[in-house]
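Coordinates in review
Here are the chains, one letter per residue:
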Amino acid sequence: MTSLKNKIDYKNKERIFNTVKEISTEGIIVTDKDVNIMSVNPAFSAITGYSTEDVIGENPRIFASGVHNSDFYATMWSSIHEHGMWEGEIWNKTKSGDIFPERLKIRRVVNEVGETENYIGIFTDISKIKETESHINYISNFDLLTNLPNRYLFEKKLKEHINQNNHNKLIGLLHINFDRFKIINESFGHAVGDFFLQELGSRLESILGEEDILARFTGDEFTILLSTVYKAEEVENRAKKIFQLLNTPLKYKEVEVYVTASIGACVYPNHGNDDETLIKNADIAMAKAKEHDGNTFQFFKASLEKEMSREFTIETYLRNSLIFDEFSIHYQPQIDIHSNKIIGVEALLRWKHPILGHVSPMEFIPIAERTGLIIKIGHWVIEEVCKQIVDWKNRGLPPIKVAINCSPKQFFHPALIENLSKIIERLEISPELIELEITESVSMHDGNRILNTLRKLKRIGIQVSIDDFGRGHSSLSYIKSFPLNTIKIDKLFVQDINDEGNRVIIKTIIEMSHGLGLKVIAEGVESLMELQYLKKQGCDIAQGYLYSKPLTVNQLTVLFNDCKYNGSYYIS
Ligand code: C2E
Ligand code: CA
Ligand code: CA
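Residues numbered from 1 in each chain as written. Chains lettered and ligands numbered in written order. Predicted model: local features only at pLDDT ≥ 70, side-chain atom pairs only at ≥ 80, totals over all residues. Heavy atoms only, no water.

**Brief notes about the site of ligand 1**
Contacts to ligand 1 come from 23 residues, most closely from Gln-332, Arg-350, Asp-467, Glu-526 and Tyr-545. Computed on the free molecule, ligand 1 has an accessible area of 800 Å², of which 87% lies beneath the protein chains in the complex. Looking at the shell around ligand 1, the elements that each hand over two or more residues are β14 (342–353), α12 (361–371), α13 (374–394), β18 (463–469) and α18 (491–495). No other element matches the four residues that β14 contributes to the shell around ligand 1. (Near = heavy atom within 4 Å. Areas by Shrake-Rupley, 256 points an atom, 1.4 Å probe, with all protein chains shown as cover. Helix = DSSP H or I, 4+ residues; strand = E, 2+ residues; numbered from the N terminus.)

The structure is reproduced here in structure tokens:
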């Protein structure tokens, strides 16, 4: 009875085992006690390419890939003998000779008296998992666009270099940020931008020494670790090499552009003892270099950190400045040199913070521009000026043109035109009463985009002047195609009018502007002598302390009341 039941159980078990073998997606090998293969399953054949007939009677040794040494197999077998099993990753070879990784479990099967009867191996092909693993490993350490190490790997390598450093040497860090790269992306598309980043990556690679490391941190930011530096000047020399690399333009099909870079540097141990501090300090130095309008090298120094922390404080407070109503606008009259008529006023933003006190726009406007806060602030200025125009009208004062400073980010913002049109319509303001002052740096951007915005402004009747002219590099012949009204000569030239070079510049700007039918304003006019010279050269309008400092609304309203005559204002 028992033996019959055993027999049935045995038959049943064998059927079940065979079915398991059939349907298993894991490869199964069964050997006898001498490790000769007795049976394999379909998954085995699918993975290895061997049929059952190919392997029956063979030793699984035929699958050995050559990846592992004899110690590996010895350890495996000793585990099987001692513990009855082994489990691990092993590289084997398919019938066609490809090697592949598998996760393998081997079990020793013993009879009632403990003698080995069989070995069973069960395995899965883990090449897919391995591929994914190595892919993940790659993407967590490398930048996919340039195939350069990323920030994570860079930090790891920098740590290693610091730990191995024997203090005879310095370690140099160069943090490189390409200037105005965003414009390249915007003007030519991201595909071209990406191509240029790859090109820049390989150019940077060309200046690396044997153990130096170049990484791409983000976007257009790259960092170089200079592993063997003995003097800080060597770091600067390397930066010079980078500037030289950029003397050759980047080319893609018919596109050809020159890029410049802002480079910040620091050295270990002078400027920091750990990777985090060093990377931060190279970044601070780079940000400082950027302030100089790019194309600049800057070494880290402790005072920079203070400056940058002031910048950070300003940025933080600036974020809430609109909510807390900390801004006001002062207005500075612009006077027709020949008739003394006030032809307009320039709106100048003032910020008084409860802790910082008065902060100059020279300091906070660049920060607002960099952080994008200028969009909201600039919008507030426009709204405030328009309300003021309405207020003067309600007081029965003659209308006066107000010049509003417009930063490059604001000028290129898609909402500018719409906001302006809406406000002037809502408050029923005549558009000729508003003039936007854009800086010359705007004209460094894509000509078509500038022209597009300028035409839209012209269509709604808003005037435009170029501020700080002469400071940048744009020539009057370049901007002659733009629909503009006025050119403002930068106060830099006016204030040093005894300088022969400045006189020539002023004279030329006036002549050329008049040739183009544009009016000329000289700003920063402080003395009669300056005014006389400007008058002699035919300059149209002057603005400066000689006539009036920027005034509060109340002061200006008093001035208007004092000097209105025949529907206009005349300054005495
Ligand atoms: P800016 O547009 O060149 O403005 C002229 C600056 O020269 C003003 O400085 C003005 O107060 C100053 N100034 C006027 N007359 C004289 C003079 O006779 N001598 C001297 N030495 N300076 C004179 P402020 O008000 O400090 O503004 C500095 C800059 O901040 C402005 O330069 C402008 O670029 C920017 N800014 C001011 N308000 C705004 C604004 O609402 N939006 C934007 N985007 N920028 C603004
Ligand atoms: Ca201005
Ligand atoms: Ca100016």
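**As for the coordination of the calcium ion (ligand 3)**
Surrounding the calcium ion (ligand 3) are the protein donor atoms Asp-467 (OD), Asp-468 (OD), Glu-523 (OE) and Glu-523 (OE), at 2.1 to 2.5 Å. Positions of the donor residues of the calcium ion (ligand 3), expressed as sequence spacing, correspond to D-D-x54-E. (Donors = N, O, S within 2.8 Å, 3.2 Å for Na, K, Ca; no water.)

**Description of the nonpolar core**
Grouped together as the largest cluster of nonpolar side chains are 79 residues, with contacts concentrated most on Leu-318, Tyr-331, Val-385, Val-402 and Phe-411. A per-element tally of this core places α13 first, with nine residues. Within the second largest apolar cluster, 34 residues are counted, among which are Phe-181, Leu-226, Val-229 and Val-259. (Core = buried A, V, L, I, M, F, W, Y, C linked by side-chain atoms within 4.5 Å. Buried < 20%, exposed > 50% of the residue type's maximum accessible area, 1.4 Å probe, protein only.)

**A short note on the domain arrangement of the protein**
Split into domains, the protein comes out as domain 1 (12–131), domain 2 (142–300) and domain 3 (312–567). Taking the mean C-alpha position of each, domain 2 and domain 3 sit 38 Å from one another. (Domains from an automatic or database assignment.)

**What about the sheet that holds strand β8 (residues 221–229)?**
Read across the open sheet, the five strands follow the order β7-β8-β6-β11-β12; overall the sheet is mixed. Across the chains shown, the open sheet's two edge strands, defined by having one partner strand only, are β7 (213–218) and β12 (296–299). Each neighbouring strand pair of the sheet contributes to a mean axis angle of 20°, computed without reference to strand direction. Across five bridges, the pairing between β7 and β8 is antiparallel. Bridge pairing in β8 places Ala-215 opposite Thr-223. Helix-sheet contacts for helix α9 (residues 232–245) involve β6 (170–178), β8, β11 (261–268) and β12, and the interaxial angle to β6 is about 30°. (Pairing = 2+ DSSP bridges. Axes fitted to C-alpha atoms, helices over the stretch in contact; angles between N-to-C directions. Contact = heavy atoms within 4.5 Å.)

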